[in-house]
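# Per-entry structural report
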Amino acid sequence: MAAFTASSVDLAAVTKTTSPIDGQKPGTSGLRKKTKVFMEGYYLHNFVQSVFNALYAEGVPVKGGTLVVSGDGRYWNPEAIQIIIKIALANGVKRVWCGTNGLLSTPAVSAVIRCRGGGFEPFGGFICSASHNPGGITEDFGIKYNCENGGPAPEKMTNKMVEFTASITEIKMCNGVPDIDLSKPACYTIGDRIIEVFDAVEDHQELLKECFDFDQIKQLLARPDFTFVYDSMCGVQGPYAKKILEETLGGKPGSCTNATPQPDFGGPSSAWHGHADPNLTYAVELVKTMGLNAKGEKISTGKPVPSFGAGADGDADRNMILGSQFFVSPSDSLAIIVANADLIPQFKKAGGLKGCARSMPTSGALDLVAAKKGLPYFEVPTGWKFFGNLMDSGTHYFPDGKTYTPFVCGEESFGTGSDHVREKDGMWAVLAWLQILAAKTIAKGSLVSVQEVAEAHWKEYGRNYYARYDYEGVDKPKAEEMMKAMAAKAGTLAGTSVQGMELQTNDVFEYSDPVDGSVSKNQGIRFIFKDGSRIIFRLSGTGVAGATVRMYLEKYMVPSGDLGLHAFDVVKPLANIAMELSDLPAKTGRNEPTVIT
């Protein structure tokens, strides 16, 4: 690693006068706006300084501490990182850690905070990302803060940040510090401060080696009858995919596609139009390669279909799993990983799983596995931060309560992970599947496919047919009015029938955290039917323009039932019921969803 010392650089903190800017309340995954909004005036500066003000108010050891700063490589990432570094130094940060080229995947940031150096050295980190949202000067930008445990800031902290955004009057910056060269590993000493640029992949890969049997996975990838494709959709996962899957595990070169990060994630000219979101709608190239169309139906490709396919989003925390002409829903993927956790060294060597959880809209497939295995399981609001306390149970944060780790959790929005980090981890999920396939292949003596694993799971536990309808860019006041009308009917529809289906209950979901006792209210509208079917409505907190109404549909089929139907067809009658319950077409002007996954 190169070294650079500059004793003559002016480290004096300059105070810039500013005033509050409206609309700086983070959503479930940080603050997201159009890129041009972040580029205007002191929009970014205000938010970053407000975070530091909140950290000081909460007694976080910022002065003399270490901070991680990186992002997913989207447009304006390099400039934003330089601004954050200057503000950090002015606020007393002694050491700043950055990934090469300013790149770190969201799970890698968590891994760096928790594992790099002696472990848990940084007091936190800034991630410049809007996740799966498109990148570019006319598209989206985002930023979020992760705490010393490597996880997203909890509500208590984000609320404090928002308070300071409403009262901020000044920004501190070290204007005399030059822009840092992030293109290669190096250590820059500026006065009594240090800025370290390190290989973006190394820490995450080393942690994943502790979770999985790389030699066993390597044997699977070396089989002549096994082929795979991993599509990074020009997001930050590219360098991780190539290093881990091709170089370390020996996968065939070229198996990792679209593996060069681009500031616009491929832009309008790409098959996915720069929308690096791994689902059947946007991951067009991957889905076609795996012999499917956007509805998950089989198509002819004119060439051999790989045995295994996976996709990543812009910041690499999401994942999509496919077999040859076979799509695995995220809800099923989570349940299957938990059902086969004894095949994964991370859990096997720790004496097995101690707990699992899903977001409320995620299907109940996980619940069935947990109940059969006697595992504690939890239903939490959408947002990875709600898994954090469960993953920190039994640690110094919560030493007196029950311990639920080792732990696996996931969301229907293509997010899966465990307590090895405090973020969902797309690469972890892919390696978990490869580990399961490798172990089952060895046990059988011949290649076991993704479809075989899924169908065996359904025959044991039954199948939760599931789909999500997204209505994007809806007028926000109209969407809020629709949600308010449904909430007003909470608890009043039990025993009534809608289009021949009897309701068991309807409510507004709220979550009581079993670890710290906190309560999160207004986390979505639930309609639960006597046969176990569910209809869920939520307003998404990840968009930047208008509101996204998410509608979730689920119907359970027992193991002896018909398990081979197409999910979208099975839940279509529920969609018709949902329209009646919500009056969505009349209230929003939308008759068809933007995306079905």
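If you're wondering where the values come from, they're calculated on a predicted model, not measured in any experiment.

### Re the UniProt feature "domain: Alpha-D-phosphohexomutase alpha/beta/alpha" (unreviewed entry) in the protein
- Mapped onto this structure's residue numbering, the UniProt feature "domain: Alpha-D-phosphohexomutase alpha/beta/alpha" (unreviewed entry) falls at residues 24-170, 218-322 and 331-461.
- Helix makes up 37% of residues 24-170 and strand 20%, with an end-to-end C-alpha separation of 16 Å.
- Span residues 218-322 is 22% helix and 14% strand, its end C-alpha atoms 19 Å apart.

### Looking at the pairing of strand E11 (residues 228-231)
- Going residue by residue along E11, you find Phe228 and Tyr230 tucked away on one face and Val229 and Asp231 tucked away on the opposite face as well.
- Direction of pairing for E11 relative to strand E13 (residues 308-312): parallel, over a ladder of four bridges. Bridge assignment links Tyr230 to a residue of E13, and that residue is Ala310.
- Relative to strand E12 (residues 256-257), E11 runs parallel, the two sharing two bridges. If you follow Asp231 over to E12, its bridge partner there is Thr257.
- Between the parallel pair E11 and E12, the chain is carried across by helix H8 (residues 237-248), and the sense of this crossover is right-handed.

### Re the domain arrangement of the protein
- Looking at the protein, the domain boundaries give domain 1 (2-199), domain 2 (218-329), domain 3 (331-460) and domain 4 (462-596).
- Taken together, the contact pairs 16 residues of domain 1 with 13 residues of domain 3.
- Interface of domain 1 and domain 3: buried area, both sides summed, is about 1100 Å²; carbon and sulfur atoms make up 53% of it.
- Considering only the surface of domain 1 that becomes buried against domain 3, Thr28, Pro107 and Arg114 emerge as the three largest contributors, covering 37% of it.
- Put simply, domain 1 and domain 3 have one salt bridge between them.
- In this structure, Lys144 and Glu423 form a salt bridge, with 2.7 Å as the shortest nitrogen-oxygen distance.
- At the boundary of domain 1 and domain 3, one finds five residue pairs in polar contact (both at pLDDT 80 or more).
- Of all the secondary-structure elements, those providing two or more residues to the side of domain 1 that touches domain 3 are helix H4 (106-115) and strand E7 (140-146).
- Per element, the largest residue contribution to the side of domain 1 that touches domain 3 is five residues, and it comes from H4.

### Some details on the packing of helix H10 (residues 330-339) against helix H15 (residues 450-461)
- For the pair H10 and H15, interaxial distance at closest approach is 11 Å and the crossing angle is 80 degrees. On the basis of their axis angle, the class for H10 and H15 is roughly perpendicular. For the pair formed by H10 and H15, the contact residues are Asp332, Ala335, Ile336 and Ala339 on the first element and Val453, Ala454, His457, Trp458 and Tyr461 on the second.
- Tallied by class, the residues present in the contact of H10 with H15 amount to seven nonpolar, one polar and one charged.

How each quantity is defined
- Residues numbered from 1 in each chain as written.
- Predicted model: local features only at pLDDT ≥ 70, side-chain atom pairs only at ≥ 80, totals over all residues.
- Heavy atoms only, no water.
- UniProt positions renumbered as here; feature names shortened; annotations may be inferred.
- Helix = DSSP H or I, 4+ residues; strand = E, 2+ residues; numbered from the N terminus.
- Buried < 20%, exposed > 50% of the residue type's maximum accessible area, 1.4 Å probe, protein only.
- Pairing = 2+ DSSP bridges.
- Right-handed = clockwise from strand over helix to strand, strands pointing away.
- Domains from an automatic or database assignment.
- Contact = heavy atoms within 4.5 Å.
- Buried area = accessible area lost by both parts, 1.4 Å probe.
- Salt bridge = Lys/Arg side-chain N within 4 Å of Asp/Glu carboxyl O.
- Polar contact = N/O pair within 3.5 Å; in protein donor to acceptor, adjacent residues only side chain to side chain.
- Axes fitted to C-alpha atoms, helices over the stretch in contact; angles between N-to-C directions.
- Parallel < 35°, antiparallel > 145°, perpendicular 65-115°, else oblique.
- Nonpolar A, V, L, I, M, F, W, Y, C, P; charged D, E, K, R; others polar.

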